[in-house]
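# Topology and contacts: notes
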Amino acid sequence: MRTTELVDGFRQSAPYVNSHRGKTFVVMMGGEAIDQPGFRSIINDIALLNTLGIKIVLVYGARPQINRALEKAGLNCDYHNRIRVTDDDAFLVIKQVAGALQLDITARLSMSLSNTPMHNAQINVVSGNFVIAQPLGVEDGIDYLHSGRVRRIDVQGIRRQLDNNGIVVMGPVAASVTGESFNLTAEEIATQVAIKLKAEKIIGFNEAGGIVADDGDITAELMPNYAEHLMWQMEQKADACTATVAFLHAAITACRSGVPRCHLVSYGENGAMLQELFSRDGIGTQIVTEAAERLRAASITDIGGILDLIRPLEQQGLLVRRSREQLEMEIDQFVVIERDGLIIGCAALYPFPEENVGEFACLAVHEQYRDADRGSALLKNIIQLARQRKYYRLFALTTRSIHWFQEHGFELVTVQDLPEKKQQLYNYQRRSKILALDL
């Protein structure tokens, strides 16, 4: 990596470091992730998050490890409604597997080698009876035996450990008030812990590195309702990815209960979790309660972001120069697209109420975000605003984007078709083309 790339990456990540510090993340690491060679890197990255002041609850699953151990022991568990019926013999194996994995995870988080993020970190790994379980009982005449569900979470106990900079580790076996223990799913534990702690995020892992769209690309963002539709489709397939379905179950429930974002990243790609959390565009799929990117009316606090956006275009002669003072007076005419606190697009609707028309102006989109037709989204929004104001026409002046405007229904007109005030301001040296759209 070149020095400039390192510096740029470090600078880009700084706002996210500041934003995440002191927040609570629930990391849901299924047994599939633990099985991978990249498991050690994931543990290193979890330790790094802890070092950056992020409060971590690590919930691990063990489904593939349990299945192998049961097969080796010659045991076959029945399932009802996709839930394992855990008898005495199976539960003995499950407790052994879950306990061994907890020891392995604790040991890895306790490393302090000089070539790892844990060097001199002195991480406290804490496990305990933070989750109280209860039996699932009998359903449709089927007794689930030692399979259970969450009854309550010791929120204060977990928070005390997190406030002391500890990483809380939870497995799929939890005790009950009767002194018994039960087999739970990691996704239910992660979901309920995230909700009760009012966590900022749940982070999960799968092989693909997110939800794969029909075109083969990773879907960057999903709202819970559509994520639920995808989950239902996956559950109908015999070869459904267990890790993906488990994450979607957790993420949908958590988002609907107030957890703002749930991230699904690759367990095979080195550093995928860090790329997702500390870069603006991420690398995986987010299930979100509110879109990370939104189009809204501009406010006075957006002045700096708009200036950063339009200055390069003004220097190229693509936009007419506007001073900060002018922008402050005209800010009510602007709309912006904001992505994680960065203004990545803007446009303005200047009113000419005497002629009952408006001007579409100052269209700018950040150079890294010009591949998703955000300019069209800004134009569509301005057209809606113009129609709400009962304007009969929208006009625009441009030197370079004539065909783009024509593709959106604008037609070339003359200076005489402009409002009188705009005619007086027309720069004949600039020779901008004039286009109009009848509303």
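Anything mentioned here points back to the structure above.
Before going into details, it helps to say that this report is about the structure given with it.

Basis of the calculations
- One numbering rule holds for all chains: residues counted from 1, following each sequence as written.
- Note on the predicted model: pLDDT of at least 70 is required for a residue's local features to be given, and 80 or more for side-chain atom pairs to be given and counted; whole-chain, interface and lining totals, by contrast, use all residues.
- Side-chain numbers here rest on the full set of heavy atoms in the structure, without hydrogens or water.
- Buried residues of nine kinds, namely Ala, Val, Leu, Ile, Met, Phe, Trp, Tyr and Cys, make up a nonpolar core once their side-chain atoms join them within 4.5 Å.
- Each residue is placed in one exposure class: buried if its accessible area under a 1.4 Å probe, protein chains only, is under 20% of its type's maximum, exposed if it is over 50%, and partly exposed if it falls in between.
- Numbering of helices and strands runs from the N terminus, with a helix taken as a DSSP run of H or I at least four residues long and a strand as a DSSP run of E at least two residues long.
- The contact criterion used throughout is that any non-hydrogen atoms of two residues lie within 4.5 Å.
- Within this document, salt bridges are pairs made up of a side-chain nitrogen of Lys or Arg and a carboxyl oxygen of Asp or Glu, the two lying within 4 Å of each other.
- Here a pair means two rings of Phe, Tyr or Trp (six-membered ring of Trp) with centres within 6.5 Å. Their orientation is stacked below 30 degrees between planes, edge-to-face above 60, and tilted elsewhere.
- None of His or the chain ends enter the tally, which takes Lys and Arg as positive and Asp and Glu as negative.
- Any pair of nitrogen or oxygen atoms within 3.5 Å is treated as a polar contact; in protein, a donor-acceptor pairing is required on top of that, and neighbouring residues in sequence qualify only through side-chain atoms on both sides.

## Some remarks on the nonpolar core
Val 26, Val 57, Ile 158, Met 170, Leu 248, Cys 262 and Ile 287 are the most contacted members of the largest nonpolar core, which has 45 residues in total. It is helix H9 (residues 242–256) that provides the largest number of residues to this core, a total of eight residues. Contact partners of Ile 158, with chain neighbours within four places excluded, come to Val 57, Phe 130, Ile 153, Val 168, Met 170 and Leu 197. Residues Val 17, Ala 62, Ile 167 and Ile 203 belong to the second largest nonpolar core, which totals 42 residues.

## Re the pattern of salt bridges
Inspection of every chain in the model, using the stated rule, returns twelve salt bridges. Linking Glu 187 and Arg 63 is a salt bridge whose minimum nitrogen-to-oxygen distance equals 3.3 Å. With Glu 187 in helix H7 (residues 186–197) and Arg 63 in helix H4 (residues 63–72), the pair connects residues that are 124 residues apart, well separated along the chain. By relative accessible area, Glu 187 is classed as buried at 15%. A relative accessible area of 29% means that Arg 63 is categorised as partly exposed.

## Focus on the packing of aromatic side chains
Inspection of every chain in the model, using the stated rule, returns six aromatic pairs. Ring centres of Phe 334 and Tyr 350 lie 6.5 Å apart, and the angle between their planes is 90°; this geometry places the pair in the edge-to-face category. Of the two residues, Phe 334 sits in strand E20 (residues 334–339) while Tyr 350 sits in strand E21 (residues 342–352), which places them 16 residues apart along the sequence. Taken individually, Phe 334 and Tyr 350 each receive the classification buried, so the pair is uniform in this respect. With centroids separated by 5.9 Å and ring planes inclined at 75°, the aromatic side chains of Phe 360 and Phe 405 adopt a geometry described as edge-to-face. In this pair, Phe 360 sits in strand E22 (residues 357–365) while Phe 405 sits in helix H14 (residues 402–407), placing the two residues 45 residues apart along the sequence. Like Phe 360, the residue Phe 405 is buried in the burial classification. Of the aromatic side chains, those joined through ring pairs into one cluster are Phe 360, Trp 404, Phe 405 and Phe 410.

## Examining the side chain of Lys 201
By the secondary structure assignment, Lys 201 is in strand E13 (residues 201–206). There is no salt bridge for the buried Lys 201, and the closest opposite charge comes from Glu 200, which lies 5.4 Å off by N-O distance. Within the structure, Lys 201 has its side chain in polar contact with the side chain of His 263 (distance 2.9 Å). With near-sequence residues (within four places) excluded, Lys 201 lies in contact with His 20, Thr 24, Phe 25, Val 26, Val 259, Arg 261, His 263 and Leu 277.

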